[in-house]
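Residues per chain are reported as follows:
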Amino acid sequence: MTKNLLVELGLEEVPAYIVTPAMVQLRDKMAQFLATNRLEFEDIQMFSTPRRLAVRVRGLADRQEDLTEDFKGPSKKIALDADGHFTKAAEGFVRGKGLTTDDITFREIKGEEYVYVTKHEQGKSAKEVLVAIPEVLAAMTFPVSMHWASNKFEYIRPIHTLTVLLDDEALDMDFLDISSGRISRGHRFLGQEVEIASADSYEEDLRKEFVIADSNEREQMIVEQIKAIEAARNVAVEIDQDLLNEVLNLVEYPTAFMGAFDAKYLEVPEEVLVTSMKNHQRYFVVRNQAGKLLPNFISVRNGNEAFLDNVIKGNEKVLVARLEDGEFFWREDQKLQIADLVERLKAVTFHEKIGSLYEHMSRTAAISSLLADQAGLSDEEKTDLARAAAIYKFDLLTGMVGEFDELQGIMGEKYALLAGETPAVAAAIREHYLPTSADGDLPETKVGAVLALADKLDTILSFFSVGLIPSGSNDPYALRRATQGVVRILEAFGWMIAIDELVEKLFALKHDSLTYEHQTEVLDFFRARVEKMMDKSVPKDMVTAVLNSTNFVVGDMVETARLLAESAKTATFKPAVESLSRVFNLAEKAGAGMVVDSSLFENEEEKVLAERVGQLEPMADLVARIDQLFALQPVIDAFFDNTMVMVEDEAVKNNRLALLATLTAKAQRVAQFNQINTK
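Residues numbered from 1 in each chain as written. Predicted model: local features only at pLDDT ≥ 70, side-chain atom pairs only at ≥ 80, totals over all residues. Heavy atoms only, no water.

In the annotation of an unreviewed UniProt entry, the entry for the protein chain reads Glycine--tRNA ligase beta subunit, and the organism field reads Streptococcus acidominimus. UniProt, in its Subcellular location (unreviewed entry) section for the protein chain, records the words "Cytoplasm". Listed under Catalytic activity (unreviewed entry) in UniProt, the entry text for the protein chain is "tRNA(Gly) + glycine + ATP = glycyl-tRNA(Gly) + AMP + diphosphate". (UniProt positions renumbered as here; feature names shortened; annotations may be inferred.)

Right under this line is the structure:
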């Protein structure tokens, strides 16, 4: 016989960005708790609003499964003394299992007898197990927490109610001074306390008090209400998924409505209006059917349609204040001169240990110049790049960016165009921030991409140089994101720039403001980012082998790892890799600076291998590069079958090691083959 279990934790309003992850965490911890305690169930449903987190376990077994376990203990010669009595070792072993020495049996394993005990544990009833639910709630973690009143414990928000029902039976337990029962809370303004009749009636009991507990249902309500407004007003509404996720976690009973603002504000750049509406007010943007921005917005009220006109007017009033600020800054910023703003950047700190933003820009300009040739920029593009690098942070001192920091770069592009800068320079100012997330949009222009690379590279090298190196999950300056941006841009633009060679050149640059340090750590940091780009299906050993190759061109590394994984499915892979691994292992014994002397060859196999190694040339086609190495397998095997490398003759031995080291150096451009597991 099975039952349904409801667990609801009633809280003060939880920040919107925490609600969904907390709901999922509660489900996962409850599933783990039930599995650990051998209580079978069918599935777990999740519920959440800003003021509650809940799960309903369906098809929960009414008792634990019985448990029978065998435990192996010490050997018989340790368990028994000379008189045949159980030793303290044996007694301690059974005591730890809650048994006595009467339960001991002996079993023979590989010719020796060992102590064994079998423990039988009768399953408890579900109700006996579920009294530990508060431990599940206490185990939850949050990005922020607080304590309240005189309590010393901390949680995401103060707790008001705990509802635990097994079918229609309320279970008694306490969590952080709150006793459980069947009482929950309705909507803060429209509802009252509500008695939950049973686990199955949860949603309907709350619905009567204007709470939609199912977040999926709330989301669908919001979407349908917006679609209805679209149809009635003949408009198009941008339903941004991130914004929708946030809004549904701000309300318990959603009612969407349309508001309006004066059309005069449409003269302000669209990005300012959209930022004001979406980022600051959590409004959805409204356009006409042709995609043109309209002086309207969609918002979602936490409540019903009562007095909706007053709500609309209040939201319009709040938005107009934002738009007034935007219009003012747009007008005033156009009076500023780019040169004056750049000069003022000398007094703006990039980081107290690193220097000013102006110094950061100067180093970026030097890196941009170095990258320009490697990226194949034309003379015109180099001119635009130099100009962009000289001014690209100026908009940080504009009033608009000071008020709306999300618009940095975006307003820089607009102000640059108004000041007469070329479109390429203006676009680079916007694009140098890209990508803004791990999988965010990349720059589209070569000038913008090179400036983005240079800006990120100086940021990474500067912070590493002053010892501000990320450790563990700690990365307050988003250096991992910057590094990921560098490798993604290099791969996307197909620039065959080896990161190790690039970093070497960057560390050779001389800057008045800073000397780069910690080169090895920088390269290791980049390797970790390249690893993140590898196809998840590529085995770990192949990823490691490629990361330890001497080819640090991002695109090559990612593609090589994928190709090796594909090659592993063929019959030639295992023998070829094993042969190359043998070469790698022996080549480690070669001394530095050894050269191959053909006059010391003593058999035909040496000559053939030397000839084939000499024919190995770097190939742009990665498939061909791997194929030519794998084609050496019979030649390598013939060499080892007929040649003793570690002979007594020192000259001959070193010559053979030098030959293997030469092959290793060329093969290592693909991968460190002796790190690939062929078993």
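**A look at helix H17 (residues 446–465)**
Because the α-helix completes a turn every 3.6 residues, residues three or four places apart line up on one side. Helix length check: H17 (20 residues) gives 28 Å between terminal C-alpha atoms against 28 Å at 1.5 Å per residue, within 8%. The element H17 is extensively covered by neighbouring structure, given that 19 of its 20 residues are classed as buried. Gly467, located one to two residues past H17, shows a positive phi value of around 85°. (Helix = DSSP H or I, 4+ residues; strand = E, 2+ residues; numbered from the N terminus. Expected span 1.5 Å × (residues − 1). Buried < 20%, exposed > 50% of the residue type's maximum accessible area, 1.4 Å probe, protein only.)

**Details of empty space enclosed by the protein**
Counted under the stated rule, the structure contains one cavity of 30 Å³ or more. Of the voids in this model, the largest cavity is the one considered here, and its volume is about 50 Å³. If you go around the largest cavity, the residues you meet are Val546, Ser549, Asn551, Asp556, Met557, Thr560, Leu622, Arg625, Ile626, Arg669 and Val670. Those elements giving two or more residues to the lining of the largest cavity turn out to be helix H22 (554–567) and helix H25 (622–630). Broken down by class, the residue content of the lining of the largest cavity amounts to five nonpolar, three polar and three charged. (1 Å grid on protein atoms, 1.4 Å probe; cavity = no way out; pocket = protein on both sides within 12 Å on 5 of 7 lines; lining within 4 Å. Points joined across faces, edges and corners; volume = space filled by probe spheres on them. Nonpolar A, V, L, I, M, F, W, Y, C, P; charged D, E, K, R; others polar.)

**Observations concerning the UniProt feature "domain: DALR anticodon binding" (unreviewed entry) in the protein chain**
What UniProt calls "domain: DALR anticodon binding" (unreviewed entry) maps, in this numbering, to residues 580–662. Span residues 580–662 is 63% helix and 0% strand, its end C-alpha atoms 12 Å apart.

**A look at the pattern of salt bridges**
Any two side chains of opposite charge can pair, so long as their charged atoms come close to each other. Per the stated rule, a full pass over the model turns up 40 salt bridges. Of the charged contacts in the structure, one is a salt bridge between Glu230 and Lys227, with a shortest N-O distance of 3.7 Å. Of this pair, Glu230 and Lys227 both sit in helix H7 (residues 215–233), separated by three residues, roughly a single helical turn. Linked through salt bridges whose partners overlap, the residues forming this network are Glu8, Glu12, Glu13, Arg51, Arg52, Arg188 and Glu252. (Salt bridge = Lys/Arg side-chain N within 4 Å of Asp/Glu carboxyl O.)

**A few points about the packing of aromatic side chains**
How two aromatic rings sit relative to each other is given by the distance of their centres and the angle of their planes. Applying the stated criterion across every chain, the model contains 17 aromatic pairs. Their ring planes at 75° and their centres at 5.3 Å tell us that Phe210 and Tyr253 sit as a pair that is edge-to-face. Note that Phe210 is positioned in the loop between helix H6 (202–207) and H7 and Tyr253 in the loop between helix H8 (241–248) and strand E14 (254–260), a separation of 43 residues in sequence. Residue Tyr253 is classed as partly exposed on the basis of its relative accessible area of 22%. Arranged with centres 5.5 Å apart and planes meeting at 65°, the rings of Phe328 and Phe329 form a pair that is edge-to-face. Aromatic ring contacts, followed pair by pair, group Phe573, Phe584, Phe630 and Phe673 into a single cluster. Note that Lys76 overlies the ring of Phe106, its terminal NZ or CZ placed 5.0 Å from the centroid. (Phe/Tyr/Trp six-rings, centres within 6.5 Å; stacked < 30°, edge-to-face > 60°. Lys NZ or Arg CZ within 6 Å of the ring centre and 35° of its normal.)

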